[in-house]
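So the chains spell out like this:
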Amino acid sequence: HNWSRVFRMVNDKSLPFAPAGGGSFCDVREVARAHVRAFHVATAGERYLLGGNYSTILNVIRVAGRILGRRVPSYPLPEWLLRGWALAESSVAPFIGREHDVTPEAAVMASRQIICDSTKARDELEYAFTPVPDMIRDTIDWMRHKDLLK
């Protein structure tokens with residue numbers, strides 16, 4: 001999923017809905033630290049799941065909306081409606097010359113609750129979770145710095 005695109009849509013007031021799903025959100029900086037730590041301390045062939053704090057997608061969008069000072073959808077869109085919209089949009093997109101926002105497959109994934117247990121990584125690699133609002137603020141700050149958000 002391309003979260004920068006979602007944050008641009010929130011900023012541009014063009015995000016029409018929020019999917020009903022959620023999942024474990026990880027900070028790429030912590031993932032990188034865990035990879036380096038695994039290189040130094042883990043046994044060869046050892047495997048780790050690097051997830052993070054759970055959040056709904058609606059909550060991520062709400063946090064981004066607060067940071068950006070934008071109104072966002074209040075309720076998640078049910079999966080069946082999101083899939084139908086994605087099917088319709090993907091059918092029409094080639095004829096109107098623009099890329100569709102959500103594929104039918106992405107609609108299904110964005111409607112699921114995907115949770116990752118990172119206990120082993122936390123215990124063995126000192127893997128840390130960053131609070132979701134902090135990750136979103138850092139991402140938006142970086143996007144502003146790179147002129148990806150106006």
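Structure's up top.
What you see is a predicted model; the values in this text were computed from it and never measured.

**Considerations on the sheet that holds strand S5 (residues 113–114)**
Across the sheet, three strands lie side by side as S3-S2-S5; this open sheet has mixed pairing. The open sheet has two free edges, formed respectively by strand S3 (53–56) and S5, since each of these has just one partner strand. Where strand S2 (residues 22–25) meets S3, four bridges bridge the pair, whose relative direction is antiparallel. What sits directly across from glycine 23, in S3, is serine 55. Strand contacts of helix H3 (residues 57–68): S2 and S3, with the helix running at about 85° to S3, the strand carrying the most contacts.

**A few points about the pattern of salt bridges**
All told, the structure shown has six salt bridges when counted by the stated rule. Among the ionic pairs, aspartate 138 bridges to arginine 29, the shortest N-O distance being 2.7 Å. Here aspartate 138 is found in helix H7 (residues 132–145), whereas its partner arginine 29 is found in helix H2 (residues 28–41), with 109 residues between them in sequence. Note that arginine 37 and glutamate 126 form a salt bridge whose closest N and O atoms lie 3.2 Å from each other. Of this pair, arginine 37 sits in helix H2 while glutamate 126 sits in the loop between helix H6 (119–125) and H7; the two residues are 89 residues apart in sequence, bridging distant segments of the chain. What makes arginine 37 partly exposed here is its relative accessible area of 30%. Assessed through its relative accessible area of 57%, glutamate 126 is described here as exposed.

Cut-off values and rules
Residue numbers here run from 1 along each chain, matching the order of that chain's written sequence. The predicted nature of this model means local features are confined to residues of pLDDT at least 70 and side-chain atom pairs, given and counted, to a pLDDT of 80 or more, with totals for whole chains, interfaces and linings taken over all residues. Side-chain metrics rest on all non-hydrogen atoms present in the structure, leaving aside hydrogens and water. Here, any two strands with at least 2 DSSP bridges between them count as paired. Helix numbering and strand numbering both begin at the N terminus, where a helix is a DSSP run of H or I of at least 4 residues and a strand a DSSP run of E of at least 2. Should any heavy atoms of two residues lie within 4.5 Å, those residues are considered in contact. Note on definitions: angles span 0 to 180 degrees between N-to-C directions of axes, and those axes are lines fitted to C-alpha atoms, for helices only across the stretch in contact. Throughout this description, the term salt bridge denotes a Lys or Arg side-chain nitrogen within 4 Å of a carboxyl oxygen of Asp or Glu. Each residue's exposure class comes from its accessible area (1.4 Å probe, protein chains only) as a fraction of the maximum for that residue type: buried when under 20%, exposed when over 50%, partly exposed otherwise.

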